[in-house]
Amino acid sequence: MKNPFKLGRWFLLALLVSPLCLAWLPLGFIQAGLPAGLPSGYLSSLLASFRQLSLTLAASLSLATLLTLSLGYLSVLRQGLGRSISNLMHAVESVPAILIALFCYAPMAAFLAGQKSLASSLTSLGVFVMAATLTALPESVRALAIPLGEMYHRKYSVSFRSYGFTKGRILKVLMATTSIRAAIKRAAAGILLKTLVLDCSFGFIIQLGFGSYGTPAHASPGALIAANRDALFQGGSPLLFWLPSILLSLLSLAFLFMLDEDNDKESQE
C-alpha cells in the first residue's frame, strides 16, 4: 500500500502547484474553465501575475540553492569561514524580509521609473530575486551545514581519513548521501515557501502605494489582490479578491507538504 499512497501524494502535489503551470496556457483555454462575467483584462492580469511568480520562484530557487550548497560546504570545510558565514547569516536574519526587499529596491527606484515596461520588469525581477535569495539563505544554509557537519565530525571523519581521504573529498562524498540530499530538498522547499510569502507581501504593499489605478513593475498575485481589495465591499465581486488568494493558498500547502514529506522520511530513518 506504500506505492499507491506515494503516488497519491505526488498527484496531490501536482494538483496544488498546477496554477503555476496553467498560467502558461492560452488565454482562451483558461477562460473556458472559469466563471463567466470576469472584468475585461482581469484574467490576463491574473495569468501574468502567476507567470511572473513562476519565474520568480524558479530564479530564486536556482540562485539560493547554488549559494546554499556553496556556503554550506565551505562552512564545514573551513571552521573560521563557517563562523563568519554564520554571523553574516544571523545579521541578515535579524532584518525583516520585507525591509530587505525594500532596501534592495530603494537604489533602483529612479532607474525603474525611467525605463520602459520590459526593461523595468526584468530589472524588477532581478532585484527581487536577489532580495528573496538573501531572505531565504540563513535558514537554507543552516539546514544543510548542520547535518553535513554532524555527519563529518561524528560518523565519517576518522573512517574516511584512515583511507587517506582529505576533508574536502570526504565532504564531497557526504554531499551525495541520502541524508544530505533530503536536507537539500528540505532547504529547497523552504526557499520556495519564503519566496512565495515575500513575493505576495511585497506585491501587496507596493500596489497599495500605487493606488487603485497604478501598476507596479513587480507583477505579483499579491499586487492583484491589493488592486481588487474593494471587491469585498458592498456591490463588488468577491471572486476578484478570493480567486488569486485561493490559488496562492494551494501553492503554500504544496510547499508545506514538501517540507513535511522530508521530515517524515527523516523520522523514519
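Before any of the text, the structure's been laid out above.
A quick note: this is a predicted structure, and the numbers were derived from the prediction, not measured. Once a new chain begins, its residue numbering starts again from 1 and follows that chain's sequence as written. Thresholds applied to this predicted model are a pLDDT of at least 70 for local features of residues and 80 or more for the giving and counting of side-chain atom pairs; totals over whole chains, interfaces and linings are not thresholded and use all residues. In computing side-chain values, all of the structure's heavy atoms are included and hydrogens and water are not.

Side note on the overall build of the protein chain
We count a stretch as a helix when DSSP gives it H or I for four or more residues in a row; a strand needs E for two or more, and each element gets its number in order from the N terminus. Along the protein chain, the regular secondary structure elements total 12 helices and 0 strands. When its helices and strands are written in sequence order, the protein chain yields α-α-α-α-α-α-α-α-α-α-α-α. Residue pairs in contact within the protein chain that sit at least 24 positions apart in sequence constitute 71% of those at least 6 positions apart. Of the roughly 14,700 Å² that the protein chain leaves accessible, carbon and sulfur atoms contribute 67%. In this analysis, two residues are considered to be in contact whenever any of their non-hydrogen atoms come within 4.5 Å of each other. Methods summary: accessible areas were calculated by the Shrake-Rupley approach with a probe of 1.4 Å, and residue burial reflects only the protein chains presented.

Focus: helix α6 (residues 97-105)
What α6 keeps buried is the set Ile 100, Ala 101, Cys 104 and Tyr 105. When α6 is viewed along its axis, its buried side chains cluster within an angular range of 130° and face the same direction. Under the scheme applied here, a residue whose accessible area is under 20% of the maximum for its type counts as buried, over 50% as exposed, and between as partly exposed, the area being computed with a 1.4 Å probe on protein chains only. Read the arc as the range of directions from the helix axis to the C-beta atoms.

Structural notes on helix α9 (residues 167-175)
Where α9 is concerned, the buried positions are Lys 167, Gly 168, Ile 170, Leu 171, Leu 174 and Met 175. One side of α9 carries all its buried residues, which in axial view fall inside an arc of 160°.

Let's talk about the environment of Asp 199
Relative to the helices and strands, Asp 199 resides in helix α10 (residues 178-210). Classification of Asp 199 as buried rests on a relative accessible area of 0%. Beyond its immediate stretch of four places on either side in the chain, Asp 199 contacts Leu 53, Thr 56, Phe 128, His 218, Ser 220 and Pro 221.

Regarding the nonpolar core
Nonpolar side chains in soluble globular proteins generally cluster together in the buried interior. Here, nonpolar core refers to any group of buried Ala, Val, Leu, Ile, Met, Phe, Trp, Tyr and Cys residues whose side-chain atoms link them within 4.5 Å. Ranked by internal contacts, the top residues of the largest apolar core, which has 30 residues, are Leu 46, Phe 50, Leu 53, Leu 57, Leu 196, Leu 248 and Leu 251. Only α1 (2-16), α4 (42-77), α10, α11 (221-227) and α12 (239-268) provide two or more residues apiece to this core. Ranked by residue count, the leading element in this core is α12, at 9 residues. Contact partners of Leu 46, with chain neighbours within four places excluded, come to Leu 224, Leu 243 and Pro 244. Listed in part, the 13 residues of the second largest apolar core include Leu 148, Leu 174, Met 175 and Ile 180.

Observations concerning the packing of α4 against α9
Interhelical geometry of α4 versus α9 gives an angle of 135° and a closest axis separation of 10 Å. In terms of their interaxial angle, α4 and α9 are classed as oblique. For α4 against α9, the interelement crossing comes out right-handed. On α9, the residues touching Leu 69, Tyr 73, Val 76 and Leu 77 of α4 are Lys 167, Gly 168, Leu 171, Lys 172 and Met 175. Lines fitted to C-alpha atoms define the axes here, with helix axes fitted over just the stretch in contact, and angles between the N-to-C directions of these axes take values from 0 to 180 degrees. When an angle is under 35 degrees it counts as roughly parallel; over 145 it counts as roughly antiparallel; between 65 and 115 it counts as roughly perpendicular; any other value is oblique. When the near helix sits turned anticlockwise from the far one by under a right angle, the crossing is termed left-handed; a clockwise turn instead gives a right-handed crossing.

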